[in-house]
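Fold and contact review
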Amino acid sequence: MIPERQSSANLSNNTPLLGGTPNQSVDNNLGNAASRDGLDEKQPSKGRKRWLILAIVLGIATIVFLAVFLPVYFVVIRKSPTAESGSSTSGGSSDASGTTADAPAPSGTAVPTTGGDGSIITLENGTTFTYRNSFSGFWVHNPEEPFNNNARPNEWTPPLNTSWRWGVDRVYGVNLGGWLVLEPFISPEIFQRYPGVRDEFSLSQAMAADTANGGLRQIEEHYQTFITEVDIAEIAAAGLNFLRVPIGFWAIETWDGEPYLAKTSWTYFLRAVEWARKYGLRILLDLHAVPGSQNGLNHSGKLGTTNFLAGNMGIANAERTLDNLRVFTQFISQPQYRDVVVAIGLVNEPMASQIGLDPLHSFNLRAYDIIRSVTGYGEGNGPYIAVQDGLQSLGRWDGILPGGDRVIMDGHAYFAFGDVNPSPMVALAEDGLPGGTWPAQACRVWGAEFNNSRSNIGPTVSGEFSGAPNDCGLFIRAVNVESFHPQCAEYNNWENYNSTMKAGLQSWIMASFDAFGDFFFWTWKIGPSQAGRVEAPLWSYKLGLDNGWIPRDPRDSVGKCAAVGVSTPVQGTFDAFRTGAVPSPTVSAAYSARFPWPPTSIPSADVPISLLPTFTNTAAAFTLPVPTYTSAPASATAGLDGWFNNDDRTGGIVTVAGCPYPNVYTATFATAPTAACTGS
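All values reported here derive from a predicted model rather than from experimental measurement. Here the residue numbers are simple positions, counted from 1 along each chain's written sequence. Two thresholds apply to this predicted model, a pLDDT of at least 70 for residue-level local features and 80 or more for giving and counting side-chain atom pairs, whereas whole-chain, interface and lining totals are computed over all residues. Side-chain descriptors were evaluated using all non-hydrogen atoms of the structure, hydrogens and water having been removed beforehand.

Some remarks on the side chain of Glu349
Convention followed: Only DSSP runs of H or I covering at least 4 residues are called helices, and only runs of E covering at least 2 are called strands; the numbering of each starts at the N terminus. For every residue, the accessible area obtained with a 1.4 Å probe (protein chains only) is divided by the maximum for its type, and the residue is called buried under 20%, exposed over 50%, and partly exposed between those limits. Positive charges come from Lys and Arg, negative ones from Asp and Glu, while His and the chain ends are left out of the count. Salt bridge, as used here, is a side-chain nitrogen of Lys or Arg placed within 4 Å of a carboxyl oxygen of Asp or Glu. Counted as a polar contact is a pair of N or O atoms within 3.5 Å, where, for protein atoms, one must be capable of donating a hydrogen and the other of accepting one, and residues adjacent in sequence contribute only when both atoms are in side chains. Residues are treated as being in contact if the distance between any of their heavy atoms lies within 4.5 Å.
Structurally, Glu349 is set in the loop between β9 (341-345) and α10 (352-355). Despite being buried, Glu349 has no salt bridge partner; Arg244 is the closest side chain of opposite charge, sitting 6.4 Å away. In this structure the side chain of Glu349 is engaged in a polar contact, spanning 3.2 Å, whose partner is the side chain of His299. Residues in contact with Glu349, not counting those within four places in the same chain, are Gln294, Asn295, His299, Gln388, Leu391, His412 and Glu464.

Spelled out as structure tokens, the structure:
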């Protein structure tokens, strides 16, 4: 018997969280214009009357022709990418901004279901914009076929209905950072509304108390406006093909003492999924913030201490995290979603320097086992699993999950937080272009590290990096923490970058692209501060793209490292089990024995592992809600319920009745336990 599952109500969604009106087959404006022809004339002579009758007959025939042809053209002919694209070859520049009209599209016109460069896209609110994609990309959106995966962002990326080939296809990606998990430097104006707040935890508390200005719904307003369909269209048109979408545990639920806006961001994640499907982008779902905080940094939800795999609530918080990963995996493994959300990141940037590698190995193995028990093994069976480097060098993870099915290594690489380096960006590099020492440094440091990881572990991506060579910018370190870098005035003044500065930045960013091979830039956009300007410019892909220091075509970066004298060939051959070619892979028994769950010890705990608080799986399992597609036939959504594997009968996480639990973030015992609590 399948256990009871807790679920939110379906997400009502008249046109699957996207725009567009149902296809219409008659253009009333054409008909009205034709019928008006000649009707206000004075009484004609008999000769003129015959000509008038003939004109009316021809007019009616024209109306009938248009009424039949236009819907066929838009709905059938334009469904063929080769028929409708009208786009240039990939060598041209790409401008995705288009023009957004203030007025909605005429209600009587047929809405296209596919289009390429120059096509008009109708948004959910009825306004339109022009899609600019000079890389032969095309979008597909038909409300009657909500899971159509024919779209393609560009000519070098396989459509969603075609398998991704690691080592052949390149990840050109961006993060949607600061959207569903807020960060001060990405959305500074929101944090500036409440002086003293430092993270989403304190921001949520301040907003909840500010009912006059909307309370916590201010966060939902941010979800609604910070990332829109136009952003996703621009990303596809920029030659990119992947999104990394950070999400917090509060998308599923919150417990007492967790002030975040609960069970809301998931709705907006699903919007991103449908937009990504429409424009042919793939998604890596990144669990960016976990219960208790995995690193004590503001992007984990709460600035402070690490309480994931550390401290008195370290095991309990990890158990909740494992259940979160299971819930996400059950949803994205459904056939309707698995070709769009193709990877899941376990935990973003766990602080390995505090937690230790052994507890993280134990957690990663346990997460792997839970996820693969839901999905099964081999290509097409659920997502790839991305393991984050824990802010350590990738080489420290050699040997991770040996034999593991479809495992990706995710390294985060920043020079911004290292030693102060004032090397000028405008000096000439080894290839005679501006960039100074920065391009070669990126190639030397990162190229070898990422290629070694490909050889020793498997597919490897840079899940985060930026265009910033330093920590200059508003709130980059933290709220009210200023950089001491001597060049901040120069780097922050992006509005006055000259052509040499822009060329230097582009050279080093292209070198970074080339060194990583597969990457996700952090992040797509930075919002303005209360001063009305972007104050962390080199962290915004969009700003750099619009202003000339991000390349219009990311493929132009290939060969940049060789041009500055550093050879970093990208390794493209992987063990068969890493790419889903082994139907029944197994993690080595020695590795499993070495890293049990729970781990044998964790740091900063006041008592042994056996006495630490834990949870029990006796609650109803939580199921994430699915959208409602009112324009689709019932057959299109049959079986869509948010839970892929009904053989998974494990219950949801809940506290053990009668057992005391410290606060998830402070985790101090009122009285240290001397025996394991088994409940009342």
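Digging into the packing of helix α12 (residues 438-456) against helix α14 (residues 499-516)
Under the convention used in this document: What counts as an axis is a line fitted to C-alpha atoms, over the stretch in contact for a helix, and the angles between N-to-C directions run from 0 to 180 degrees. Reported orientations rely on four angle classes, namely roughly parallel under 35 degrees, roughly antiparallel over 145, roughly perpendicular from 65 to 115, and oblique for the rest. With the far helix as reference, a near helix turned anticlockwise by less than a right angle produces a left-handed crossing, and one turned clockwise produces a right-handed crossing. For this scheme, ten residues count as nonpolar: Ala, Val, Leu, Ile, Met, Phe, Trp, Tyr, Cys and Pro. Four count as charged, namely Asp, Glu, Lys and Arg, and the remainder, Gly too, count as polar.
At a closest axis distance of 7 Å, the pairing of α12 and α14 adopts a crossing angle of 15°. As summarised for this structure, α12 and α14 are arranged roughly parallel, according to the angle between their axes. Relative to α14, the crossing made by α12 is right-handed. In this structure, α12 contributes Trp438, Pro439, Ala442, Cys443, Trp446, Gly447, Phe450 and Arg454 to the contact, and α14 contributes Ser507, Trp508, Ala511, Ser512, Ala515 and Phe516. A per-class count over the contact of α12 with α14 returns 10 nonpolar, three polar and one charged.

Comments concerning the pairing of strand β8 (residues 282-289)
To be explicit about the condition: Any two strands with at least two DSSP bridges between them are considered paired. Looking down the strands as they point away from you, a crossover is right-handed if its path from the first strand over the helix to the second goes clockwise.
Of all eight residues in β8, eight are buried; the element is thus mostly enclosed. The sheet contact formed by strand β7 (residues 242-248) and β8 spans seven bridges and is parallel. Across the sheet, Pro246 pairs through a bridge with Asp286, a residue of β8. Once the chain exits β7 it traverses helix α8 (residues 265-279) before rejoining the sheet at β8, and the crossover so formed is right-handed. Of the strand pairs in this sheet, β8 and β9 are connected by four bridges, and their pairing is parallel.

As for helix α11 (residues 357-375)
The condition that has to hold: Any helix carries an expected span of 1.5 Å times its number of residues minus one.
In this model α11 runs 26 Å from its N-terminal to its C-terminal C-alpha over 19 residues, within 8% of the 27 Å that 1.5 Å per residue would give. Counting buried residues along α11, 15 of its 19 residues qualify, which places the element largely inside the surrounding structure. Following α11 by one or two positions, Gly376 has its phi on the positive side, about 80°.

Thoughts on the pairing of strand β12 (residues 460-464)
Counting buried residues in β12 gives five out of five residues, a clear majority hidden from the surface. Bridge analysis of strand β11 (residues 407-412) against β12 gives four bridges, and the strand direction is parallel. Looking at β12, one finds that Asp410 is bridged to Val461. Handedness of the crossover joining β11 and β12 through α12: right-handed.

A short note on the state of the cysteines
How we decide: Pairs of cysteine sulfur atoms within 2.5 Å are what we label disulfides.
Taken as a whole and judged by the stated rule, the model has three disulfides. Put simply, Cys472 and Cys488 are joined by a disulfide, and their sulfur atoms are 2.1 Å apart. Around the S-S axis, the bridge from Cys472 to Cys488 shows a dihedral of about -85° and counts as left-handed. Taken as a pair, Cys472 in the loop between β12 and α13 (488-492) and Cys488 in helix α13 lie far apart in primary sequence, 16 residues in all. With respect to class, Cys472 is no different from Cys488; both count as buried. Note that Cys659 is cross-linked by a disulfide to Cys677, the S-S spacing being 1.9 Å. On the sign convention where negative is left-handed, the bridge of Cys659 and Cys677, at about -95° about the S-S bond, is left-handed. Of this pair, Cys659 sits in the segment after β16 (652-655) while Cys677 sits in the segment after β16, and the two are 18 residues apart along the sequence.

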